[in-house]
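Structure assessment
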Amino acid sequence: MFVVKASSDFAAKRVEYFYDAMKQEKNYDTLFIVRGLRFYVHLVVLSACSEFFWTNKDQLEEIFSPFDSDVINAILKYCYTGEISIADRHYDKLMELANRLEVKIPPRHETVDLSNCLEVLKSKENSDLKTEAMDLTLGNFETLHKTQDFLNLPVSNVNEILKSDYLNVPSEEDVFNAVKLWVNHDNANRKSDLAQLMRSVRLSLLSMEFFIDEVLTFCHSCADCMTTLRQAVKDKKDKSFVPKETPRRKIKGYKVALVGGSNIYTANTIDIFDGLKNSWSLSKNIGINKIWFASVLVGDWIVIIGGYNSSNGSMTSVEYIDLKSGEKKPLKPLNRARYDFSAVTLRRGSSTDVYAIGGYDNGRLSSVERWSSNTGDWEIIAPLLVAVNYHSASVIADKIYITGGETTERISTNKVQMYSVETNSWTYRAQMIQRRYKHSSVVFKGKLYVAGGHDWQTRTYLDSVEHYDPNANVWTAFTKLPQAADGISLGCFQNKLFSMGGYDKSDVWEYDETNKSWKASTSLSRDRDCFNAHVIPYDSII
């Protein structure tokens, strides 16, 4: 058999040929005319991009007639080459034409950050990106409102930002100053928008002095503003210009706190992710002189349980950090010293209960104890069916699931143990596909996800991920992590799944449900492994 394979650029050269033929008006099969301009095209090429061209070939002149030649040429170039080059002012019209022709053009932005959030906000891109862009804009308004991108926003976007309850500003004066900057950027054309924007400024939050010196001075020539300003003065009560019922701005954001680690430096600091700024930063030293402890979130407390230090070995100490005050205070200690264990919380009646499960103390532990927020005491409850350390624990529908771990020296397991509060007993559930320890688990959209870790029997670091359906009692393989690692932490924030850190790693990966793949996200401040992740209030002090 005789086989010939052309060079790697063979297909690209065919595309170039057709595109050049179109520009040179050669070998075309279709012609349409828009405002005297002739466009010679190859219908088979256009139809390969969208069948709409073939089924509507007789209406092309009518379809293209509302659009400028720059937009038409750009869409034709994309159909031939997959590339677009067009001025920003034509982008919206380009997307309008693409939608009519059923040509799928990827959005200009695959991700959103502080450098492009205002541009995304102004564009007609998908709602998920625009929601993320709005959150970033609201959270960083103090900086963004002084940029050229903000000054170029249309009034509809500016008004949408200013009227939000979640606009993050030091004071309402900053909101008025933003209006002033935006209007003055093109005063002749924007003066008519001033009244609309002033209705979004919470005038009763301004001091009387600022109101008179700044607001009245700037708005006095705008007749439409005067109704709004008179009402603001009328709302003044008892010479106090800030009535109690005045709605103040809120903060829309979240933080993630990564607590713990396998060395004193990481264990003594908390890595904090700011969801509005899309960045990680390390807390000050929190004075936790131990490693390999577990932590849980109880209300506004991060409770730190057990652990190990070089002087005392495994420990029983328990303390909490108050997220509102930043203070660290002790709680009643464990009944049994332990480290390399897992901890979770569960509601039981009016109590928030904390469970400390398994671990190590001169041998692997099967013991389990429970702390009650009502009594502040630890009690011993039913032990595990098999003693484990380096396992992971998660809660689904008032059931605690313990996955994997080490059962004896250097033996990792795929066993799954489930605890019922109602019966105070443990039962086995379907085994994981992969045996693993030093892995992580999290509940995401009703299923238990398990990822990473180590299989000691094969000396293998794991990139595998699997999820468990508690109703069917079945494990299913999931998209692998980009890299094998143990000591990672899975987390679920803003309805998204993340994998963070790992031994000698600071990488963060976000699962992209659309493309069914993991993509890189903002890295941690430093390497961290064997830790817990908690979503904490945005106004937390730590």
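Note that the structure is predicted; figures quoted are calculated from it, not measured.

Once that is clear, we can look at the overall build of the protein chain. Each helix and strand counted, the protein chain has 17 helices and 32 strands in total. Projecting the C-alpha coordinates of the protein chain onto the three principal axes gives extents of approximately 95 × 90 × 40 Å. The burial tally for the protein chain puts 50% of its 542 residues in the buried class. Looking at the protein chain alone, contacts between residues at least 24 apart form 52% of all its contacts between residues at least 6 apart. Approximately 26,300 Å² of the protein chain is accessible, and the part contributed by carbon and sulfur atoms is 48%. Taking the 65 positively charged and 68 negatively charged side chains of the protein chain as two groups, their mean positions are separated by 3 Å.

Of the residues in the protein chain, 92% have a pLDDT of 70 or more, and the chain-wide mean is 89. Note on residues 237–246: pLDDT is under 50 here. Beyond four places in sequence and across chains, it has 16 contacts.

Attention now goes to empty space enclosed by the protein. The final tally for this structure, using the stated rule, is one cavity of 30 Å³ or more. The calculated volume of the largest cavity comes to roughly 40 Å³. Around the largest cavity, the lining residues are Leu 481, Pro 482, Gln 483, Ala 485, Ile 488, Ser 499, Gly 501 and Trp 509. Of the residues in the lining of the largest cavity, the class split is five nonpolar, three polar and no charged.

Right, let's get into the sheet that holds strand β21 (residues 425–429). Note on sheets: strands pair through backbone hydrogen bonds, and any given pair is parallel or antiparallel. Overall, antiparallel pairing links the four strands, which are arranged β16-β17-β20-β21 in an open sheet. In this open sheet, the two edge strands, each paired with only one partner strand, are β16 (392–396) and β21. Across this sheet, the average inter-strand angle for adjacent strands is 25°, counted without regard to direction. Pairing between strand β17 (residues 399–403) and strand β20 (residues 416–420): five bridges, direction antiparallel. When the sheet's bridge partners are listed, Ile 402 is paired in β20 with Gln 417.

Okay, the layout of surface pockets next. Here the idea is plain: a probe the size of a water molecule rolls over the atoms and shows the empty space left. Considering only enclosed or pocket space, the second largest pocket measures out at about 940 Å³ in volume. Lining of the second largest pocket is provided by 37 residues; of these, Ala 343, Ala 393, Ser 441, Asn 532 and Ala 533 occupy positions nearest its centre. Put simply, the parts of the chain that give the lining of the second largest pocket at least two residues each are β6 (294–298), β12 (342–348), β16, β22 (440–444), β28 (489–493) and β32 (532–536). With five residues, the top contributor of residues to the lining of the second largest pocket is β28. Split into classes, the residues belonging to the lining of the second largest pocket amount to 21 nonpolar, 14 polar and two charged.

Conventions we followed
- Each chain has its residues counted from 1, running along the sequence as written.
- Totals for whole chains, interfaces and linings use all residues, but because this is a predicted model, local features are given only for residues with pLDDT of at least 70 and pairs of side-chain atoms are given and counted only at 80 or more.
- Computation of side-chain values: all heavy atoms of the structure, hydrogens and water removed.
- Counting from the N terminus, the helices are the DSSP runs of H or I reaching at least four residues and the strands are the DSSP runs of E reaching at least two.
- For every residue, the accessible area obtained with a 1.4 Å probe (protein chains only) is divided by the maximum for its type, and the residue is called buried under 20%, exposed over 50%, and partly exposed between those limits.
- Pairs of residues are marked as contacts when any of their non-hydrogen atoms sit within 4.5 Å.
- Only the protein chains shown count as cover for residues, and the accessible areas themselves come from Shrake-Rupley with a 1.4 Å probe.
- Note that His is not counted, nor are the chain ends; the positive residues are Lys and Arg, and the negative ones are Asp and Glu.
- Charge positions come from single atoms, namely NZ of Lys, CZ of Arg, CG of Asp or CD of Glu.
- The quantity called pLDDT is the predictor's confidence in a given residue, expressed from 0 to 100.
- Grid points spaced at 1 Å over the protein atoms alone were grouped into cavities, where a 1.4 Å probe fits but cannot get out, and pockets, open sets with protein on both sides within 12 Å along at least five of seven lines, with lining residues defined by an atom within 4 Å of a point.
- Grid points are joined across faces, edges and corners, and a volume is the space filled by probe spheres set on the points.
- In this classification, Asp, Glu, Lys and Arg are treated as charged, Ala, Val, Leu, Ile, Met, Phe, Trp, Tyr, Cys and Pro as nonpolar, and every other residue, Gly included, as polar.
- In short, DSSP must find at least two bridges between two strands for them to pair.
- Comment: axis = line fitted to C-alpha atoms, over the contacting stretch for helices; angle = value between 0 and 180 degrees taken between N-to-C directions.

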